[in-house]
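So the chains spell out like this:
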Amino acid sequence: MKTIYYFSGTGNSLYLGKILKKNCSYNLVNLSAVIDEEVILEGDIGIVFPIYAMGIPKIVEEFLKKVKIGKIDYFFAVATCGGSGYGIPFNQIKNILNEKNIKLDYTNYCHMPDNYLKLFKPLSTEEAKKDINSSKEKIDVISKHILNKKSFITKEKVFLYLGFLLIYKFWRYGLKKVSKSFKLNEKRCISCGICMEVCPVNNIDLVEGKPIWNNNCEECLACANLCPTIAISCGGKSKYDLRYKNPYIDIKELKNNLKGRKNDKV
């Protein structure tokens, strides 16, 4: 059994996961769709995810801590990020796996366009394609490494570890209140429900056709980035009428078929 579990808000990690699936003959599973199921990791396992605040998304941590472990032959982790690669994500994953007596065999970073609207102005579709295409050589290298079960652990910047850890801890603490940052332009909202459908953690309800954010946000910003009428803002660069979706991924692929959706709750 060869399985890649991915987490993706706006398509970057899904895009990479699809390429690795094809190049390395893996199954591809959306971890947010199985987070509430009993999952047993066996065989060759991969985790593909975006870096959030120098670390791993909360849902990735929850998934890795929750899963049961069978016989694992090879375990890799690849992080997508706006820069060239930095932070503490692989230290975090290694620590979780160590508690389960599992060895992390391979890690690597893969550059993708920034999608964090609070800090970065999104690229145009053509700019995004050019940026993604610049990573093709790196993706080919990663594919060959995984196909050959190469052992390689990315060297982390130890002298920056404490700084990265503080940034991450501060971000995780802020997740408790991040839902308050979302604002809806009711004149633009067409009550299509896409914001609810793309939310990976069922954090959005529709009340009379309008989104209401609860308190379990991952801050993937899929709701704001994928709204077709740009009706959702979240501060920072979201003031511009530009949003990001990986141009090689269809929005249908980003809709999470999760249980417990609440539509038009009064």
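Definitions and cut-offs
- Residues numbered from 1 in each chain as written.
- Predicted model: local features only at pLDDT ≥ 70, side-chain atom pairs only at ≥ 80, totals over all residues.
- Heavy atoms only, no water.
- Phe/Tyr/Trp six-rings, centres within 6.5 Å; stacked < 30°, edge-to-face > 60°.
- Helix = DSSP H or I, 4+ residues; strand = E, 2+ residues; numbered from the N terminus.
- Buried < 20%, exposed > 50% of the residue type's maximum accessible area, 1.4 Å probe, protein only.
- Lys NZ or Arg CZ within 6 Å of the ring centre and 35° of its normal.
- Axes fitted to C-alpha atoms, helices over the stretch in contact; angles between N-to-C directions.
- Parallel < 35°, antiparallel > 145°, perpendicular 65-115°, else oblique.
- Left-handed = near helix turned anticlockwise from the far one by under 90°.
- Contact = heavy atoms within 4.5 Å.
- Pairing = 2+ DSSP bridges.
- Right-handed = clockwise from strand over helix to strand, strands pointing away.

(A) Representation of the packing of aromatic side chains. Scanning the model with the defined rule gives twelve aromatic pairs in all. Arranged with centres 6.2 Å apart and planes meeting at 80°, the rings of Phe7 and Tyr52 form a pair that is edge-to-face. Within this pair, whereas Phe7 is found in the loop between strand 1 (2–6) and helix 1 (12–24), its partner Tyr52 is found in the loop between strand 3 (40–50) and helix 3 (58–66), the two being separated by 45 residues in sequence. By relative accessible area, which is 0% here, Phe7 ends up buried. Ring geometry for Phe49 against Phe90: centres 6.3 Å apart, planes inclined by 75°, an arrangement best described as edge-to-face. Remark: Phe90 occurs in helix 4 (residues 89–99) and Phe49 occurs in strand 3; sequence separation between them is 41 residues. Neither residue differs from the other here; Phe49 and Phe90 are each classed as buried. Of the aromatic side chains, those joined through ring pairs into one cluster are Phe7, Tyr52, Tyr168 and Trp171. A cation sits over an aromatic face here: Lys121 above Tyr240, 4.3 Å from the ring centre.

(B) Representation of the packing of helix 1 against helix 6 (residues 136–147) in the model. Where helix 1 meets helix 6, the closest approach of the two axes is 10 Å, and the angle between their N-to-C directions is 50°. On the basis of the axis angle, helix 1 is oblique to helix 6. Helix 1 and helix 6 meet at a crossing whose hand is right-handed. Here Tyr15, Leu16, Ile19, Leu20, Asn23 and Cys24 of helix 1 come into contact with helix 6, specifically with Ile139, Ile142, Ser143, Ile146 and Leu147.

(C) Focus on the sheet that holds strand 3. Strands sit in the order 2-1-3-4-5 across an open sheet of five strands; the sheet is parallel. The outermost strands of the open sheet, each flanked by one partner alone, are strand 2 (27–30) and strand 5 (106–111). Averaged over all pairs of adjacent strands, the angle between strand axes in this sheet comes to 25°, irrespective of strand direction. In terms of strand pairing, strand 1 meets strand 3 through five bridges, oriented parallel. Looking at the pairing, Tyr5 lines up with Ile47 of strand 3. Contacts from helix 6 reach strand 4 (68–81) and strand 5, with the element oriented near 165° to strand 5.

(D) Quick peek at the pairing of strand 1. The element strand 1 is extensively covered by neighbouring structure, given that four of its five residues are classed as buried. As paired strands, strand 1 and strand 2 are joined by four bridges and run parallel to one another. Bridge assignment links Tyr5 to a residue of strand 2, and that residue is Val29. Read from strand 1 through helix 1 to strand 2, the crossover connection turns out right-handed.

(E) Here's a closer look at unusual backbone geometry. Phi angles above zero are rare outside glycine, and Ala53 is one such case at about 50°. As for its position among the elements, Ala53 is in the loop between strand 3 and helix 3. Of the residues examined, Ala53 reaches a relative accessible area of 24% and is grouped as partly exposed. With phi around 60°, Asn101 is a residue other than glycine that occupies positive phi space. Mapped onto the elements of the fold, Asn101 is located in the loop between helix 4 and strand 5. Accessibility expressed as a relative area gives 71% for Asn101, which makes it exposed.

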